[in-house]
Amino acid sequence: MMHIDRIEMRHVRMRLVSPFRTSVGVEQDRDCLILRLFSEGLQSWGECVAGSFPGYSYETIDTAWHVLSEFFFPLLLKANSMDVPSFRRAAQGIRGHPLARAALEMGLWDLEAKRRNASLANLLGGEKDRVPVGVSVGIQPDSSTLLQVVAEYVEAGYRRVKLKIEPGCDIGAVQAVRGEYPALPLQVDANTAYEIENVEMFEAMDAYHLLMIEQPFAGDDLLDHSKLQARIETPICLDESIRGLRQARQALEIDAGRILNIKQARVGGLQEALAIHAYCSGRNVPLWCGGMLETGIGRAANLALASLPGFTLPGDISASDRYYIDDIATPRFTLNPDSTIDVPRGEGLGVTVDMDALRRFTLRSQSYP
Ligand code: OSB
Ligand code: MG
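From a predicted model like this one, the values you see are computed outputs, not experimental measurements.

Procedures and definitions
- Residues numbered from 1 in each chain as written.
- Chains lettered and ligands numbered in written order.
- Predicted model: local features only at pLDDT ≥ 70, side-chain atom pairs only at ≥ 80, totals over all residues.
- Heavy atoms only, no water.
- Near = heavy atom within 4 Å.
- Polar contact = N/O pair within 3.5 Å; in protein donor to acceptor, adjacent residues only side chain to side chain.
- Areas by Shrake-Rupley, 256 points an atom, 1.4 Å probe, with all protein chains shown as cover.
- Nonpolar A, V, L, I, M, F, W, Y, C, P; charged D, E, K, R; others polar.
- Domains from an automatic or database assignment.
- Contact = heavy atoms within 4.5 Å.
- Buried area = accessible area lost by both parts, 1.4 Å probe.
- Helix = DSSP H or I, 4+ residues; strand = E, 2+ residues; numbered from the N terminus.
- Buried < 20%, exposed > 50% of the residue type's maximum accessible area, 1.4 Å probe, protein only.
- Donors = N, O, S within 2.8 Å, 3.2 Å for Na, K, Ca; no water.
- Axes fitted to C-alpha atoms, helices over the stretch in contact; angles between N-to-C directions.
- Parallel < 35°, antiparallel > 145°, perpendicular 65-115°, else oblique.
- Left-handed = near helix turned anticlockwise from the far one by under 90°.
- Pairing = 2+ DSSP bridges.
- Phe/Tyr/Trp six-rings, centres within 6.5 Å; stacked < 30°, edge-to-face > 60°.
- Lys NZ or Arg CZ within 6 Å of the ring centre and 35° of its normal.

### Side note on the site of ligand 1
Around ligand 1 lies a shell of 15 residues, among which Ser136, Asp189, Asn191, Leu293 and Tyr323 are the nearest. Between tyrosine 323 and ligand 1, the recorded distance is 2.6 Å, taken from a side-chain N or O atom to an oxygen atom. When isolated, ligand 1 has an accessible area of 390 Å², and the protein chains bury 96% of it. Tallied by class, residues from the shell around ligand 1 come to 5 nonpolar, 3 polar and 7 charged.

As structure tokens, this is what we get:
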């Protein structure tokens, strides 16, 4: 347990190497919040993946800034000592805002690991020293552009490709990529863009040997996912639907999906991610670690989480150069020839924040107190 002396929060904006388009919208500049905790001579970091637009989640940079500064930070700053369990207990009374709370929890995990001179992966119970990864490909203007983009990623060494889809840009995209790569591990992600009325399109997709179909329907629509799963062979993977262990358990009980994408942010923090991991590992439910275009800070946390034994499928954790020309943390993550990325071994998150780069990307900064 440690006393939190001060917290620094920054709104950071970083230009992506290429615009990222999903069924929800397009991102060229990626905004996030970076937290720095100061505690008894140590410093730790957290990343909040809420963006500038409430597309993936209702949370935005500004809602996260508000609930963190007004409600979550005071819990930490007024306590004599803090750690992850005491933060979770204290924050129980605050409803929702998982992305904001997860960022603060990340900072506490980094701090705890540094206090114990351990890596975050070690502290979480990670076993792998490198994790299999793939790449998430945004919606492209046409099939030939898509094939060109996929070819570049395959040449770079990615051995699992995820295509973003939306109505009107789905089966054609899959057909094009499958035609060129008959054996490539391939999956799609709809980010909730469909309705149960679209079941025939998914039945047609069944013929293309996809690893999975991610989140076809609304996040709160487990029932229709289970109706669809009964009609197709391809496993459904849930992302937006899984907000914690309860949704994971209920989704699996009604066969609304057979694979889970775990994002520590979406489930409100690494501790809840561990709980889902424990539940699914005992039931042989395949897991993989999702991504939110994180900077090197959030990516380090994802790699630590993905090093747990239950994360058996390749994660959306690509190399740093797939996202940013300049990152705020070093070392940059690079893809190994076997389509894996090394899990950081240094203390805590295992990355060093480049303060000059961080300042260059900062739009707004505030210290508490
Ligand atoms: O649905 O998995 C998603 C990025 C932003 C929001 C939602 C999603 C994504 C991705 C990108 O697919 C994954 C990555 O970080 O590479
Ligand atoms: Mg997704």
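So that's the structure; there's more coming.
### A look at the domain arrangement of the chain
The domain architecture assigned to the chain consists of domain 1 (6-116 + 357-368) and domain 2 (122-342). Put simply, the middle of domain 1 and the middle of domain 2, counted by C-alpha atoms, are 23 Å apart. If you look at the interface, domain 1 gives 34 residues, while domain 2 gives 40 residues. Surface buried jointly by domain 1 and domain 2 totals about 3200 Å² across both partners, of which 68% is contributed by carbon and sulfur atoms.

### Some words on unusual backbone geometry
That bond from threonine 330 to proline 331 is cis: its omega, -5 degrees, falls within 30 degrees of zero. Residue position: proline 331 is located in the loop between strand 12 (329-330) and strand 13 (340-342). Cis geometry marks the peptide bond from tyrosine 368 to proline 369, where omega comes out at -10 degrees. Structurally, proline 369 can be placed in the segment after strand 15 (362-368). Phi angles above zero are rare outside glycine, and histidine 209 is one such case at about 50 degrees. For histidine 209, a relative accessible area of 63% translates into the label exposed. Despite not being glycine, aspartate 255 has its phi angle at roughly 55 degrees, a positive value. The exposure class assigned to aspartate 255 is partly exposed, which follows from its relative accessible area of 27%.

### Observations regarding the coordination of the magnesium ion (ligand 2)
Note on the magnesium ion (ligand 2): its protein donors are Asp189 (OD), Glu214 (OE) and Asp239 (OD). The metal-donor distances range over 2.1 to 2.3 Å. Within one chain, the residues serving as donors to the magnesium ion (ligand 2) are arranged as D-x24-E-x24-D. Placement of aspartate 189 in strand 7 (residues 186-189) and of glutamate 214 in strand 8 (residues 213-214) is noted, with a sequence separation of 25 residues between them. On the accessibility criterion, aspartate 189 (1% relative accessible area) is buried.

### Details of the packing of helix 9 (residues 245-253) against helix 10 (residues 270-281)
To describe two helices that pack against each other, one gives the angle between their axes and the distance between the axes. Relative orientation of the contacting elements helix 9 and helix 10 amounts to 25 degrees, with a least axis distance of 9 Å. Our classification of the angle between helix 9 and helix 10 gives roughly parallel. Classified by chirality, the crossing of helix 10 by helix 9 is right-handed. Note on element contacts: helix 10 touches helix 9 through Glu272, Ala275, Ile276, Tyr279 and Cys280, opposite Leu245, Ala248, Arg249 and Leu252.

### Structural notes on the pairing of strand 2 (residues 25-39)
In terms of strand pairing, strand 1 (residues 6-22) meets strand 2 through 13 bridges, oriented antiparallel. When the sheet's bridge partners are listed, arginine 6 is paired in strand 2 with phenylalanine 38. Two strands pair when backbone bridges link them, and strand 2 and strand 3 (residues 42-48) are joined in this way by 7 bridges, in the antiparallel orientation. Counterpart to leucine 37 in the pairing with strand 3 is serine 44. Here strand 2 folds back onto strand 3 in antiparallel fashion, the turn holding 2 residues, of which glutamate 40 has a positive phi close to 45 degrees.

### A word on the side chain of asparagine 261
Residue position: asparagine 261 is located in strand 10 (residues 259-262). Discounting chain neighbours no more than four positions away, the residues touching asparagine 261 are Glu214, Cys237, Leu238, Asp239, Arg266, Trp288 and Gly290.

### Notes on the packing of aromatic side chains
For the structure shown, the criterion picks out 6 aromatic pairs. Between tyrosine 194 and phenylalanine 202, the ring centres sit 4.9 Å apart and the planes meet at 75 degrees, which makes this aromatic pair edge-to-face. Residue class for phenylalanine 202 comes out buried when judged on its relative accessible area of 0%. In this structure, arginine 6 is placed above the aromatic ring of phenylalanine 38, and the distance from its NZ or CZ to the ring centre is 4.1 Å. The ring of tryptophan 288 has arginine 160 lying over it, and the distance from NZ or CZ to the ring centre is 5.5 Å.

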